[in-house]
Number of protein chains: 2
Amino acid sequence: MIAPRGKRSYREYCAIARSLDLLGQRWTLLIVRDLFLGPQRYSDLLAGLPGIATDLLTARLRTLEADGLVRRRELPPPAHTTVYELTESGRRLGPVIRALGEVGLELLGTPAPDEPVNPGPVVMSLMLSFHGDPDLVETYGLELDGQEFGVVVDRGTVRSERGAPSDAAVTLRTDARTLVLLLRGEPIPEGALKVDGDAAAFDRFVAAFAHDGRS
Amino acid sequence: MIAPRGKRSYREYCAIARSLDLLGQRWTLLIVRDLFLGPQRYSDLLAGLPGIATDLLTARLRTLEADGLVRRRELPPPAHTTVYELTESGRRLGPVIRALGEVGLELLGTPAPDEPVNPGPVVMSLMLSFHGDPDLVETYGLELDGQEFGVVVDRGTVRSERGAPSDAAVTLRTDARTLVLLLRGEPIPEGALKVDGDAAAFDRFVAAFAHDGRS
DNA sequence: CCGCATCCGTTTCGATACTG
DNA sequence: CAGTATCGAAACGGATGCGG
């Protein structure tokens with residue numbers, strides 16, 4: 001049992017209060033979100049959390065570490081950087097992230113012009129919005145704002161990971177905002193999207209993840 | 001689309017960030033938790049949220065109302081009180097509450113002596129900890145600290161509601177803390193538990209919800 | 001009593017500057 | 001790159017007051 005943390009614990013014998021003692025502080029669940037696609041460096045996390053103060057990011061990482069949800073790992077030379085990653089316990093938060101995502105997905109309109117659109121969340125939302133052929137088995141590559149992702153569709157389930165997949169049927173190179181506009185059926189800037197690979201696979205990708213009038 | 005709220009919105013185009021814009025403030029999800037078992041008066045909510053300031057409860061209820069998750073309803077005479085209840089949108093938060101509960105359930109040890117144990121959360125945790133006969137269909141009545149609940153087991157699923165059920169096989173009258181101790185297999189104060197009804201049904205209840213060495 | 005509103009000391013957060 | 005240090009602004013906790 002992890003002791004409820006200091007001053008601001010809810011101090012109630014309740015499963016939900018206990019999990020909020022771990023996760024309820026501002027930014028904590030967004031950090032978990034970013035780590036769900038794979039290990040991240042401090043500066044990558046900082047870039048993916050628009051507006052967080054640097055000391056708060058440090059504090060949250062320390063707390064998550066103390067609670068056993070996140071682990072610091074020093075990469076061996078020559079990389080010589082430290083990354084943060086979810087532990088086995090941390091990965092059990094998947095259903096929480098998914099449930100929050102499903103609630104929020106319906107509240108997302110078109111991104112406001114001044115609203116940051118980061119690659120990680122966009123890729124993650126794909127796992128929630130799949131509505132293609134239930135028998136489809138295919139892997140897609142995404143390069144968004146220079147970051148590479150693999151999206152694996154396997155009979156109705158969707159996995160996403162950081163890093164270029166080896167077996168992508170098609171790879172889309174663009175920025176996160178343009179991908180959102182594309183999937184919402186809105187006009188996209190000319191030349192903002194490059195498609196490498198099977199054009200039919202590209203069509204299947206758009207059909208499976210487009211957020212247009214399917215209601 | 002609900003516009004991201006003022007100052008402390010995350011202002012990121014992300015499904016999880018959006019849902020946390022609605023739910024991420026302190027106490028908000030615990031209020032939703034308490035409303036999940038049925039409508040509650042202001043003072044009942046206050047009693048179920050140990051430590052919340054009165055103006056914060058009011059502020060959170062207003063925000064939840066503005067976001068369409070909670071509705072105020074004036075009961076007709078002669079009751080003449082106002083209750084808060086979840087709207088249809090609010091009830092869609094079920095998976096969020098459930099996911100958080102499953103995370104927190106494993107962190108709950110035995111309640112500390114100074115830790116409040118409220119009936120609502122205890123009843124709600126029953127929905128997460130059922131491990132009885134998958135074919136069992138039975139209704140149980142609970143009266144905890146004077147509050148009545150019905151727990152309906154129906155082939156592996158468990159529903160709970162406020163109010164005494166009409167068709168309970170057995171009714172347990174006790175306090176929330178004693179019920180927790182009972183289900184954890186710990187000694188309970190003499191005379192703290194009264195069982196009304198079928199003794200075999202009581203045994204099935206304990207077997208189905210006990211949290212003892214089943215790992 | 002119920003359903004809040006007001007006040008005030010404490011804690012947390014946001015923003016930015018700075019360092020090994 | 002990966003954090004500390006600093007400081008004003010906002011949020012929170014606790015007590016108290018008040019009209020129906």
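Higher on the page you've got the structure.
Here the structure is a predicted model, which is why all the values come from computation and not from measurement.

### A few points about the sheet that holds strand β2 (residues 70-74) of chain A
All names here are of chain A. Read across the sheet, three strands follow the order β1-β3-β2 without closing on themselves; strand pairing throughout is antiparallel. The sheet is open, and its two edges are formed by β1 (40-41) and β2, each paired on a single side. Summarising the sheet, β1 and strand β3 (residues 82-86) pair through two bridges and their orientation is antiparallel. If you follow Arg41 over to β3, its bridge partner there is Val83. Lying over the sheet, helix α2 (residues 28-35) contacts β1, β2 and β3, oriented at roughly 100 degrees with respect to β3. Packed on one face of the sheet, helix α4 (residues 54-66) meets β2 and β3 and runs near 105 degrees to β2.

### Side note on the protein's contact with DNA strand C
Around DNA strand C, the structure places 20 residues, and the nearest of them are Arg26 and Arg60 of chain A together with Arg8, Thr54 and Tyr84 of chain B. The share of sugar and phosphate among atoms of DNA strand C within 4 Å of the protein is 70%. Measuring from a phosphate oxygen of DNA strand C, one finds a backbone N or O atom of Gly51 of chain A at 3.3 Å. Counting only elements with at least two residues in the surface near DNA strand C, the list comes to α4 of chain A together with α3 (42-48), α4 (54-66) and β3 (82-86) of chain B. Taken together, the residues of the surface near DNA strand C break down into five nonpolar, six polar and nine charged.

### Considerations on the protein's contact with DNA strand D
Around DNA strand D, the structure places 20 residues, and the nearest of them are Arg8, Thr54 and Tyr84 of chain A together with Arg26 and Arg60 of chain B. Of all atoms in DNA strand D that approach within 4 Å of the protein, 70% are sugar or phosphate atoms. Note that a phosphate oxygen of DNA strand D is positioned 3.0 Å from one of the side-chain N or O atoms of Arg62 of chain A. Residue assignment for the surface near DNA strand D shows that the elements contributing at least two residues are α3 (42-48), α4 and β3 of chain A together with α4 of chain B. Split by residue class, the surface near DNA strand D holds five nonpolar, six polar and nine charged.

### Remarks on the sheet that holds strand β4 (residues 137-144) of chain B
Whenever strands of a sheet pair, they do so through backbone hydrogen bonds, lying parallel or antiparallel. All names here are of chain B. The five strands are arranged β6-β5-β4-β7-β8 in an open sheet whose pairing can be described as mixed. In this open sheet, the two strands that pair with only one neighbour each are β6 (157-162) and β8 (194-197). In this sheet, adjacent strand axes meet at a mean angle of 20 degrees when their direction is disregarded. In the sheet, β4 pairs with strand β7 (residues 170-174) via five bridges, with the strands oriented parallel. Within β7, the position partnered with Gly141 by the bridge is Thr171. Running over the sheet, helix α8 (residues 176-183) touches β4 and β7 and is turned about 115 degrees from β7. Packing of helix α9 (residues 199-209) onto the sheet brings it into contact with β4, β5 (147-154), β6, β7 and β8, and relative to β4 it is tilted by some 85 degrees.

### Some remarks on the packing of aromatic side chains
Enumeration according to the criterion identifies eight aromatic pairs over all chains in this entry. Here the aromatic rings of Phe205 of chain A and Phe209 of chain A are separated by 5.1 Å at their centres, their planes lie at 50 degrees, and the arrangement is tilted. Pair noted here: Phe205 of chain A and Phe209 of chain A are both in helix α9 (residues 199-209), with a separation of four residues, about one helical turn. An identical accessibility class is assigned to Phe205 of chain A and Phe209 of chain A; each is buried. The ring of Tyr10 of chain A carries Arg26 of chain B above its face, with NZ or CZ at 4.3 Å from the centroid.

### Section: the interface of chain B and chain A
Contacts between the two partners involve 51 residues from chain B and, on the opposite side, 51 residues from chain A. At the boundary of chain B with chain A, total buried surface from both sides reaches about 4,500 Å², with 68% on carbon and sulfur atoms. Viewed at the interface, chain A and chain B are joined by six salt bridges. The interface formed by chain B and chain A contains 18 residue pairs in polar contact (both at pLDDT 80 or more). Looking at the side of chain B that touches chain A, the elements that each hand over two or more residues are α1 (15-23), α2 (28-35), α6 (94-105) and α7 (119-129) of chain B. The biggest single contributor to the side of chain B that touches chain A is α6 of chain B, with nine residues. Residues belonging to the side of chain B that touches chain A are distributed by class as follows: 32 nonpolar, nine polar and ten charged.

### Section: the relation of the copies chain B and chain A
Between chain B and chain A, which share one sequence, the superposing operator has a rotation angle of 180 degrees and an axial displacement of 0.0 Å; the RMSD is 0.0 Å. The two molecules are tied by a two-fold rotation axis, judged by turn and shift. When C-alpha distances to the rotation axis are compared across chain B, the minimum falls at Val96 of chain B, with a value of 3.1 Å. Both copies present the same face, since 100% of the interface residues in chain B are matched by interface residues at the equivalent positions in chain A.

### Describing the side chain of Ser9 of chain B
All names here are of chain B. Within the secondary structure, Ser9 sits in the segment before α1. Polar contacts involving the side chain of Ser9 include one to the main-chain amide nitrogen of Arg11, which spans 3.0 Å. In this structure the side chain of Ser9 is engaged in a polar contact, spanning 3.0 Å, whose partner is the side chain of Asp21.

### Section: the pattern of salt bridges
In this structure the tally under the stated criterion is 34 salt bridges over all chains. Between Glu74 of chain A and Arg72 of chain A there is a salt bridge; the shortest N-O distance is 3.7 Å. On the basis of relative accessibility, which here comes to 33%, the residue Arg72 of chain A falls in the partly exposed class. Across the pair Arg204 of chain B and Glu138 of chain B runs a salt bridge, and its minimum N-O distance is 2.7 Å. Of this pair, Arg204 of chain B sits in helix α9 while Glu138 of chain B is found in strand β4, placing the two residues 66 residues apart along the sequence. The exposure class assigned to Arg204 of chain B is partly exposed, which follows from its relative accessible area of 33%. Beyond isolated ion pairs, a larger network of salt bridges with shared partners links Glu12 of chain A together with Arg33 and Asp34 of chain B.

Thresholds, definitions, all that
- Sequence order sets the numbering: in each chain, residues are counted from 1 along the sequence as written.
- Following the order in which they are written, the chains are lettered starting with A and the ligands numbered starting with 1.
- In view of the model being predicted, local features appear only for residues whose pLDDT reaches at least 70, and side-chain atom pairs are presented and counted only at 80 or more, with totals across whole chains, interfaces and linings using the full set of residues.
- To get the side-chain values, take all heavy atoms of the structure and skip hydrogens and water.
- When DSSP finds at least two bridges between two strands, those strands are taken to pair.
- Here a strand is any run of E in DSSP of at least two residues, a helix any run of H or I of at least four, and the numbering for each starts at the N terminus.
- The contact rule is simple, with two residues in contact once any of their heavy atoms fall within 4.5 Å.
- A fitted line through C-alpha atoms serves as each axis, taken over the contacting stretch for helices, and the angle formed by two N-to-C directions is quoted from 0 to 180°.
- Whether a residue is near a molecule or strand depends on its heavy atoms: it is near if one of them lies within 4 Å of it.
- Polar contact is the term for a pair of N or O atoms within 3.5 Å; when the atoms are in protein, one must be able to donate a hydrogen and the other to accept it, and sequence-neighboring residues count only if both atoms are side-chain atoms.
- Polar here means any residue other than Ala, Val, Leu, Ile, Met, Phe, Trp, Tyr, Cys and Pro, which are nonpolar, and Asp, Glu, Lys and Arg, which are charged; Gly is therefore polar.
- Classification of ring pairs uses Phe, Tyr and Trp, with its six-membered ring standing for Trp, and accepts pairs whose centres are within 6.5 Å; under 30 degrees between planes counts as stacked, over 60 as edge-to-face, and the remaining range as tilted.
- Partly exposed describes any residue whose relative accessible area lies between the buried limit of under 20% and the exposed limit of over 50%, with all areas from a 1.4 Å probe on protein chains only and scaled to the type maximum.
- Charge over a ring is defined by NZ of Lys or CZ of Arg lying within 6 Å of the ring centre and within 35 degrees of the ring normal.
- Two parts placed together each lose some accessible area under a 1.4 Å probe, and the buried area is that loss summed for both.
- Throughout this description, the term salt bridge denotes a Lys or Arg side-chain nitrogen within 4 Å of a carboxyl oxygen of Asp or Glu.
- The atoms used to superpose the copies are C-alpha atoms, taken from residues with pLDDT of at least 70 in both, and the fit is least squares.

Structural measurements only, silent on function.
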